[in-house]
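Per-entry structural report
This is what each chain is made of:
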Amino acid sequence: MLTGKIALITGASRGIGRAIAMEFARAGAEVIINFHRSKEKAEELAKEIENQGGKAYLAPFDVANPKEIKEAVKALEEKVGTIHILVNNAGITKDSLLLKMKEEDWESVLRTNLFSAFYVTQAVLPMMLKNRWGRIINISSVVAFTGNPGQTNYCAAKAGLIGFTKALALEVAGRNITVNAIAPGYIETDMTEKLPEKIKEVFLQEIPLKRAGLPEEVAYLALFLASEQASYITGSVFHINGGLYRG
Ligand SMILES: NC(=O)c1ccc[n+]([C@@H]2O[C@H](COP(=O)([O-])OP(=O)(O)OC[C@H]3O[C@@H](n4cnc5c(N)ncnc54)[C@H](OP(=O)(O)O)[C@@H]3O)[C@@H](O)[C@H]2O)c1
């Protein structure tokens, strides 16, 4: 499905990004695993992919740092080749009620979850434009649509990604590049593991399918959007949340 394609997945050392890298590699893509802090986990994933006969490259950079990104992407283009698929997945949460939110927590969540998509996409896009083919997939969240108390920073960033997706889709459609967003609900990863048990219970009660989603389930959707078969889909948002929100 992705043979001959090179895919960069940000935040691929853990969780949803890891699952996407794994599925893309299984589908024949060469995958570039971006990570920031979890070097060992990224190395483990690369090994697992290579053991299964795939090809993986490690790309350590902070998605909130435009200088690091430019240097890393330039080096990747030289070493690995033209990037065909970009998944802007890296993300963090720093929750607190607005009145108590520290300015640095507002800023770091916006920089890591939203500005990152601008920085990384701007660095990678020239390759896709030249190649007249590309797939950009932005990982938003259900809370961009529903809101969530304690997450004004995160909700603002994830809602920003939706506008970013729609505007960019229009800018690059003429070059055969599609840009879409995935808005996951409650998915079992380190990010949701740290939620208080009571909040998890409330989430689970509200989800019609009565369970959390798995990172792999998000990865299957990303795989489809990255494929040739999804070539007529652009500027769209895909909800994957067990029925929690049916936008
Ligand atoms: N889990 C959910 O329920 C859920 C729901 C909706 C949306 N999402 C979104 O899905 C995406 C993945 O979430 P997840 O649940 O898989 O989270 P996770 O398990 O906490 O993993 C986050 C990933 O992002 C990377 N990352 C964080 N800051 C980074 C930075 N500055 N530069 C580069 N990489 C960075 C981490 O890498 P290092 O460890 O190497 O730093 C890690 O690989 C996020 O955008 C999240 O907002 C998640």
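The text that follows walks through the structure, step by step, so that each part is easy to find. All of these numbers come straight from a predicted model, not from anything done at the bench. (Residues numbered from 1 in each chain as written. Predicted model: local features only at pLDDT ≥ 70, side-chain atom pairs only at ≥ 80, totals over all residues. Heavy atoms only, no water.)

**Overview of the overall build of the chain**
The helix and strand tally for the chain stands at nine helices and seven strands. Compactness check: the chain gives a C-alpha radius of gyration of 17 Å against a globular reference of 18 Å for 247 residues, within 12% of the reference. Projected onto its principal axes, the C-alpha coordinates of the chain cover approximately 45 × 35 × 35 Å. Per-residue burial for the chain yields a buried fraction of 51% across its 247 residues. In the chain, of all internal contacts separated by at least 6 residues, the share reaching a separation of at least 24 is 74%. Put simply, the chain shows about 12,100 Å² of open surface, and 54% of that area lies on carbon and sulfur atoms. (Helix = DSSP H or I, 4+ residues; strand = E, 2+ residues; numbered from the N terminus. Rg over C-alpha atoms; globule rule 2.2 N^0.38 Å. Buried < 20%, exposed > 50% of the residue type's maximum accessible area, 1.4 Å probe, protein only. Contact = heavy atoms within 4.5 Å. Areas by Shrake-Rupley, 256 points an atom, 1.4 Å probe, with all protein chains shown as cover.)

**Considering the pattern of salt bridges**
Evaluation of the coordinates by the stated rule reveals nine salt bridges. With a closest N to O distance of 2.8 Å, glutamate 217 and arginine 211 form a salt bridge. (Salt bridge = Lys/Arg side-chain N within 4 Å of Asp/Glu carboxyl O.)

**What to know about helix 4 (residues 103–131)**
Across its 29 residues, helix 4 extends 41 Å between first and last C-alpha, which sits within 8% of the 42 Å expected from 1.5 Å per residue. The largest bend in helix 4 comes to about 45°, at phenylalanine 115. (Expected span 1.5 Å × (residues − 1). Bend = angle between axes of the 7 residues up to and from the residue.)

**Digging into the packing of aromatic side chains**
Under the counting rule described, the total for this entry stands at four aromatic pairs. Ring plane angle 85° and centroid distance 6.4 Å describe the contact between phenylalanine 115 and tyrosine 119, whose orientation is recorded as edge-to-face. Pair noted here: phenylalanine 115 and tyrosine 119 are both in helix 4, with a separation of four residues, about one helical turn. By way of ring pairs, the aromatic residues Phe115, Phe118 and Tyr119 are connected into one cluster. (Phe/Tyr/Trp six-rings, centres within 6.5 Å; stacked < 30°, edge-to-face > 60°.)

**Some words on unusual backbone geometry**
A positive phi angle, close to 50°, is found at arginine 132, a residue other than glycine. Among the secondary structure elements, arginine 132 is positioned in the loop between helix 4 and strand 5 (134–139). The phi torsion at asparagine 176 lies on the positive side, around 65°, for a residue other than glycine. Mapped onto the secondary structure, asparagine 176 falls in the loop between helix 6 (152–172) and strand 6 (177–184).

**Overview of the nonpolar core**
Core analysis: the largest hydrophobic core is formed by 36 residues, its most contacted members being Ile9, Ile20, Phe24, Val31, Ile33 and Ile182. Those elements that provide at least two residues to this core are strand 1 (6–9), helix 1 (15–26), strand 2 (30–35), helix 2 (39–51), strand 4 (85–88), strand 5 and helix 9 (215–226). Residues contacting phenylalanine 24, with those up to four places away along its chain left out, are Leu2, Ala7, Ile9, Ala29, Val31, Ile85, Val87, Ala222, Leu223 and Ala226. (Core = buried A, V, L, I, M, F, W, Y, C linked by side-chain atoms within 4.5 Å.)

**Details of the site of the ligand**
Around the ligand, the surrounding shell holds 32 residues, and the nearest of these are Ser38, Asp62, Asn89, Tyr154 and Thr189. In this structure, asparagine 89 approaches the ligand through a main-chain N or O atom, which is 2.6 Å from an oxygen atom. Contact distances for the ligand include 2.5 Å between an oxygen atom and a side-chain N or O atom of tyrosine 154. In the complex, the protein chains occlude 96% of the 890 Å² of accessible area that the ligand would expose alone. Among the elements that take part in the shell around the ligand, helix 7 (residues 190–193) stands out by supplying three residues, more than any other. Looking at the shell around the ligand residue by residue, the class counts come to 13 nonpolar, 14 polar and five charged. (Near = heavy atom within 4 Å. Polar contact = N/O pair within 3.5 Å; in protein donor to acceptor, adjacent residues only side chain to side chain. Nonpolar A, V, L, I, M, F, W, Y, C, P; charged D, E, K, R; others polar.)

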